[in-house]
Amino acid sequence: DVKVTQSSRYLVKRTGEKVFLECVQDMDHENMFWYRQDPGLGLRLIYFSYDVKMKEKGDIPEGYSVSREKKERFSLILESASTNQTSMYLCASSLEINQPQHFGDGTRLSIL
Amino acid sequence: SQKIEQNSEALNIQEGKTATLTCNYTNYSPAYLQWYRQDPGRGPVFLLLIRENEKEKRKERLKVTFDTTLKQSLFHITASQPADSATYLCALDMWEGSQGNLIFGKGTKLSVKP
């Protein structure tokens, strides 16, 4: 069974801080994704990666960056956290780009 | 732009009845449609995938239909149980905008009362 692990379930940070969210998958999947989920807005794609060192912008990349140095690890970086980035962040991986995605349990991030 | 609508935010049904959830989309013809279940505080879990050339797919008490003419998918849970209570998300593959990735609906929260 695929396991996607997000480093923190809950995180509280201050405005202006640089924040790192980590995600690791154990099934050798090529594709990894970062979403945020907000009430009434659903899941929105921030960034995705289809190979090591490759990254592509999703629908809402502003204020975020990503890093994929190893196949199993995909990091989301908030360069200078703002209160409107308070959200649930979900990482996912998949074998093929439009195939079923396997999600982690999310990081609930609060920016104060 | 592509739009996905799930029929309602919430659906309440009695245990033992069939739950039917709807997913409608516009402006595109996806090759795949997927359904996920999400429990509170957890990530979505994949349930079923149906291709554009398939009319129906089943898995235990779950059934999904895909009508490309109506641009609609129906998701059925037969003999529903309180343990089926969760939010159900539909997702389509979209080549426009998100470069082949999935676009998710906002979900329907299903509550099954004993």
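Residues numbered from 1 in each chain as written. Chains lettered and ligands numbered in written order. Predicted model: local features only at pLDDT ≥ 70, side-chain atom pairs only at ≥ 80, totals over all residues. Heavy atoms only, no water.

K.L.:
Quick rundown of unusual backbone geometry? Include the residues and the values.
P.N.:
Of note, A:Asp28 is a non-glycine position whose phi angle comes to about 60°, a positive value. The topology assignment puts A:Asp28 in the loop between β3 (19–25) and β4 (31–38). Within the chain, B:Lys71 stands out as a residue other than glycine whose phi angle is a positive 55°. B:Lys71 gets classed as partly exposed once you look at its relative accessible area, which sits at 24%. (Helix = DSSP H or I, 4+ residues; strand = E, 2+ residues; numbered from the N terminus. Buried < 20%, exposed > 50% of the residue type's maximum accessible area, 1.4 Å probe, protein only.)

K.L.:
Summarise the state of the cysteines; cite the residues concerned and give the values.
P.N.:
Residue and element names in this part refer to chain B. Tallied over the entire structure, the rule returns two disulfides over all chains. With its sulfur 2.0 Å from that of its partner, Cys-23 forms a disulfide with Cys-90. An S-S torsion of about 65° defines the bridge between Cys-23 and Cys-90 as right-handed. Linking Cys-23 in strand β3 (residues 19–26) with Cys-90 in strand β9 (residues 86–94), this pair joins segments that are 67 residues apart in sequence. A single burial state applies to Cys-23 and to Cys-90, both of which are buried. (Disulfide = S-S within 2.5 Å.)

K.L.:
Please set out the interface of chain B and chain A residue by residue, giving values where relevant.
P.N.:
When the parts come together, some accessible area is lost, and that loss is often what is quoted as the size of the interface. Between chain B and chain A, the residue contacts involve 21 residues of the former and 22 residues of the latter. Taking both sides of the interface into account, the surface hidden between chain B and chain A amounts to around 1800 Å²; carbon and sulfur atoms contribute 49%. Run the count over chain B and chain A and you get one salt bridge. A salt bridge links B:Arg42 to A:Asp105, with the nearest nitrogen and oxygen atoms 3.0 Å apart. Taken together, the connections running from chain B to chain A amount to six residue pairs in polar contact (both at pLDDT 80 or more). Those elements giving two or more residues to the side of chain B that touches chain A turn out to be β4 (32–38), β5 (45–51), β9 and β10 (101–104) of chain B. Taken together, the residues that form the side of chain B that touches chain A break down as ten nonpolar, eight polar and three charged. (Contact = heavy atoms within 4.5 Å. Buried area = accessible area lost by both parts, 1.4 Å probe. Salt bridge = Lys/Arg side-chain N within 4 Å of Asp/Glu carboxyl O. Polar contact = N/O pair within 3.5 Å; in protein donor to acceptor, adjacent residues only side chain to side chain. Nonpolar A, V, L, I, M, F, W, Y, C, P; charged D, E, K, R; others polar.)

K.L.:
Which residues make up the environment of A:Phe48, and what values do they have?
P.N.:
Residues and elements named next belong to chain A. Position of Phe-48 relative to the elements: it lies in strand β5 (residues 42–49). By relative accessible area, Phe-48 is classed as buried at 2%. Here the alpha-carbon distance between Phe-48 and Ala-92, two residues 44 residues apart in the chain, equals 9.2 Å.

K.L.:
Explain the nonpolar core residue by residue, including any values.
P.N.:
Residues and elements named next belong to chain B. Ile-4, Leu-33, Trp-35, Phe-75, Ile-77, Tyr-88 and Leu-110 are the most contacted members of the largest nonpolar core, which totals 24 residues. When residues in this core are grouped by element, the largest group, five residues, is from β9. Excluding residues that lie within four positions of it along the chain, Phe-75 makes contacts with Ala-19, Thr-20, Leu-21, Trp-35, Leu-47, Leu-48, Leu-62, Lys-63, Val-64 and Tyr-88. (Core = buried A, V, L, I, M, F, W, Y, C linked by side-chain atoms within 4.5 Å.)

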